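# Structural features, examined
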Amino acid sequence: MMERGDAPRRIKNRNRCGILIRQLMAGSALTWCAVELCPSFAMAQGAVAPVAAQTLSVNIPTGELNHALLTLSQTAHLQIFYDMDKVKGLHANAVSGTMTADQALSRMLSGSGYSFSRVGNKISLVPAAANITLGPVRVGGMVAHQDPTGPGVGYVAENTMSATKTDTPITEIPNSIYVITKQVMQDQQVQSVQDALKYTPGVYAGAEGTWNKGAAGGNTGGYSQRGFRTSQFVDGLMSESLSSGETAFLERIEAVNGPASVMYGQVTPGGMIASTLKKPTETPLHQVTLGFGNWGRYEATADVSDKVTKSGNVRYRIAAIGVTQGTQTEHVGYHRVGILPSLTWDIDPDTSLTVLGSYMYTPGSGVSAGNTYPLQGTLITDGYARIPRKNFLSMTNWNTNSQTDAMFEYQFHHRFNKYINFSQTFRWEKSKELGKDAYYDGYSDGTVYEAPQLSAESTRTAGLDTRLFGKLSTGPLRHTWVIGSDFRDYNYVYPWILDAKGDVAINIYNPKTNYVPCFSSLSSAKCIGQHSIAYDDYFQEGIYFQDQIKWKKLSILLGGRQDWVNFSAHSYTHQYNNTGGTSVNRYSSSRTSPQPQNAFTWRAGILYNFDMGLTPYFSYSTSFIPQQSTNWQGQPFSPLTGKQFEAGLKYKIPNKDILLTASAYHIEENHYLISDAIHTGYSADAGRVRSQGFEVSANANITRDLRMIASYTYTDIRYAKTNKTSKRFDPYTNASYGTAISQSGMAVPYVPRNMVSAFLDYSFPKAVLDGFGVNGGVRYVGFTYIDNVESFKTPAYVLFDIGAHYDLGRATPVLKGLKAQLAISNLTNKYYLASCSTYQCYIGQGRRIYGNLTYNW
């Protein structure tokens, strides 16, 4: 039986031993250290528990790795063996919360270049395997905490910031989130966000074919979520940049399906696309690539990150790209140079600042009016020869489209204590697009008509998101809370000049033109035209709150947001005609006064995490989008308001990098806008739209050598309640017929009902083909309707992708770090239509062959 004075003596002896260890650690003569050499009280009693499986409360701030290891060893009663000289100067990540010792150590070491191995209660630090994809390392069945904004591991990401603005496991969020990891983007050689999303459930990427794809970005980029057009967010702020989707600058891309207005404000009920820019890494990164491909593609990229200071508290990263290539359409090219420098300063263990800036010049955006085609010769081939993909149906002497983009951003983080953290992100961006182009103005008897125009579109956006967040407990309940505010100031200017003397006629099979546009009322030539300029100003601000409440395995998510929006628009038009010897001028202007709108949106969700890895969930959420446009009578539209019910299952296979998800949803949105069939160039209120369906997906690192993504999407989106009517359309005669019928109950056009996809990558074993790997995928996209009353369908299509990669360093040490890669999209060169309307079609991309040589050192 222990005497009353024994415990104090043992504690005193243990403290002396701790002091001795600190002295030994500080000595230069001792290069190897075993932390916690003295027995703990439990060990002295002979009851040594398997601490790897026990949970403990940990609160270790960011700081010097030696000190952090000592603190953890004393907290968890571990022996940790490592080489002091090799970890000297390294920093440890902050670790806070209730977790196992292995989880705490994994989080602490993430990004340090070290992992660990365990034998009983003895742990040894070992160098992490060199890999350019920075992320957690699997050791003994445990995976370190993943960076929620990082590249992920293989084809799997476990954590995210996008859905909740807090670092949360995907399996603890009651709605659908799909992450396109950096490895997926590399294996598929994606060149745009649209490319990256083509295997993502619930997302139709490519509705506009190659027309809105040549440039590596551009806001919505021709994709939709659950049947609704969507917006792109970069580092948590909506981006209006014309080139916001440059994949060479992105670390990861996420599709948050379903309403996200509670966190982000003006988002459609279909969801949002969230991407993360590259930022300095804690482990040095040095990579350059050289690319090649069909259509005369040549590309070079660089991605370098390293320490500025010896301690590593200041780090930098520079990503850059230069690319030039043609496209499948003659006279349309894509050319770009861009750079993204960034700097991170860990001011102290609790405070960090990251600043980023980018500049991109794109003298050839790869987009042109010559990428659009009539229905005859594409959708309709009975009696019409198929129009070759290479045919450029516009004016070759009036066909340039250039963009410039500049951006500045900072991210500031401060940890007040274990309960309260502060975070702020600010971004300013400006884009300008100059176009010498034309717009499609109709078709007749093998001839398309183009109207020449000259435009200079510019946008400027400033956005700020500020929030307080943290963790606390109230009795048995654990809370992850966030309170924040954001604003966005958006300015848009669009001046353009139209040559209205007469449309240019172009033969669809022999497209040759020599027309010289006439744009000035003062020109010696006899011109008819129109000068116009449009101004839009938009200011949004909102406040939001959220609480993630956890009780044992049960989690409840509650959140709300109040938004205020003001916008105004002004347009000016000058029409002229100097063909009659004297100039005839007419002037007009219109102004929309500031239109204040506000709304409260909210969401609630519940889920249960079973020990087997299965998580059922249910959620309800709402959305709000102010309408800036007006109908043909100048009347503003009512705001879009939506709501969604969603139920699903998520299954994270224990101790495996395999995540399976399934979800079913029902969405309703009021005041959905469609093109006004009578008044060209205007929109009309379609009433209420209903979208319902389900999604199934798998993201899996099945083995070390085999990775897979797969999905099935069913989307049924219809006009649920509307007073709009339309006549049926006959694409053979290019005219409407019959009596007008109700659009109610009809499918919304341009949205496929069924989509199926799968992509696998396999690296051969060392004994077979050391360093060699292959990959391939298949994509099925179902039919889409061409109008609002289901008159005609754009056919379904199936596409195949294949690729291969080889680590040349496996063949000879001289080539260490050099990797060759080839990716072929649309292997069979299938001629398919991405979508068609009642007046034009978008042809899909033909066979694309891209290769890369990548060197890492």
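Residues numbered from 1 in each chain as written. Predicted model: local features only at pLDDT ≥ 70, side-chain atom pairs only at ≥ 80, totals over all residues. Heavy atoms only, no water.

With that settled, consider the overall build of the protein chain. Along the backbone of the protein chain there are nine helices and 53 strands. For the protein chain, with 857 residues in total, the buried portion stands at 53%. As displayed, the protein chain has an accessible area near 36100 Å², and 58% of this comes from carbon and sulfur atoms. (Helix = DSSP H or I, 4+ residues; strand = E, 2+ residues; numbered from the N terminus. Buried < 20%, exposed > 50% of the residue type's maximum accessible area, 1.4 Å probe, protein only. Areas by Shrake-Rupley, 256 points an atom, 1.4 Å probe, with all protein chains shown as cover.)

Here we come to the pattern of salt bridges. What the rule picks out here adds up to 32 salt bridges. Linking aspartate 563 and arginine 561 is a salt bridge whose minimum nitrogen-to-oxygen distance equals 2.8 Å. Neither residue differs from the other here; aspartate 563 and arginine 561 are each classed as buried. Through salt bridges that share partners, Lys165, Asp465, Arg467, Asp486, Arg561 and Asp563 make up one connected network. (Salt bridge = Lys/Arg side-chain N within 4 Å of Asp/Glu carboxyl O.)

Now for unusual backbone geometry. In this structure, tryptophan 295 is a non-glycine residue whose phi angle is positive, near 60 degrees. The class for tryptophan 295 is partly exposed, based on a relative accessible area of 25%. At histidine 331, a position not held by glycine, the phi torsion is positive, near 70 degrees. Of note, histidine 331 is situated in the loop between strand 23 (314-326) and strand 24 (333-348).

A few words now on helix 5 (residues 101-109). Since there are 3.6 residues in each turn of an α-helix, residues three or four apart along the chain are aligned in direction. Of all nine residues in helix 5, seven are buried; the element is thus mostly enclosed. Ala101, Asp102, Ala104, Leu105, Ser106, Met108 and Leu109 are the residues of helix 5 that are buried.

Overall, antiparallel pairing links the three strands, which are arranged 26-52-51 in an open sheet. Two strands bound the open sheet, and with one partner strand each, they are strand 26 (372-373) and strand 51 (833-836). (Pairing = 2+ DSSP bridges.)

Taken as a whole, the protein chain shows an average pLDDT of 84; of its residues, 86% reach a score of 70 or greater. Summarising per-element confidence for the protein chain, the mean pLDDT is lowest in helix 2 (residues 41-44) (34) and highest in strand 45 (residues 754-763) (97). Low pLDDT (under 50) marks residues 1-52, which in the prediction has 61 contacts with non-local residues, meaning those over four places away or in another chain. (pLDDT = per-residue confidence, 0-100. Contact = heavy atoms within 4.5 Å.)

This part covers the state of the cysteines. Taken as a whole, this structure holds two disulfides when the rule is applied. Put simply, cysteine 836 and cysteine 841 are joined by a disulfide, and their sulfur atoms are 2.0 Å apart. Between cysteine 836 and cysteine 841, the S-S torsion sits near 110 degrees, and that sign places the bridge as right-handed. (Disulfide = S-S within 2.5 Å.)

Moving on: the side chain of threonine 784. Turning to its location among the elements, threonine 784 is positioned in strand 47 (residues 784-785). Judged by its relative accessible area of 2%, threonine 784 falls in the buried class.

Before going further, it helps to examine the packing of aromatic side chains. A full pass over the atoms with the stated rule returns 24 aromatic pairs. Centre to centre, the rings of phenylalanine 487 and phenylalanine 539 are 5.9 Å apart; their planes meet at 25 degrees, and the pair counts as stacked. Residue phenylalanine 487 is located in strand 30 (residues 477-499), and its partner phenylalanine 539 is located in strand 32 (residues 528-551); the two are separated by 52 residues in the primary sequence. By relative accessible area, which is 31% here, phenylalanine 539 ends up partly exposed. Where phenylalanine 694 meets tyrosine 714, the ring centres are 5.6 Å apart and the plane angle is 25 degrees; that geometry is what we call stacked. (Phe/Tyr/Trp six-rings, centres within 6.5 Å; stacked < 30°, edge-to-face > 60°.)

On to the sheet that holds strand 14 (residues 203-205), then. Ordered in space as 14-15-16, the three strands form an open sheet in which the pairing is antiparallel. For this open sheet the edge positions go to strand 14 and strand 16 (228-229), each flanked by a neighbour on one side alone. The pairing of strand 15 (residues 223-225) with strand 16 spans two bridges and is antiparallel. The residue bridging glutamine 225 from the neighbouring strand is phenylalanine 228, located in strand 16.

What follows concerns the nonpolar core. Leu197, Phe249, Ile253 and Leu277 are the most contacted members of the largest nonpolar core, which has 30 residues in total. Sorting the residues of this core by element identifies helix 6 (182-188), helix 7 (193-196), strand 14, strand 19 (250-257), strand 20 (271-277), strand 23, strand 24 and strand 25 (351-365) as the ones contributing at least two each. Setting aside anything within four residues of it in sequence, one finds isoleucine 253 in contact with Tyr178, Val179, Ile180, Met185, Val193, Ala196, Leu197, Ile273, Ala274 and Ser275. Counting residues in each nonpolar core, the second largest holds 26 residues, with Tyr373, Ile387, Met395 and Phe729 among its members. (Core = buried A, V, L, I, M, F, W, Y, C linked by side-chain atoms within 4.5 Å.)

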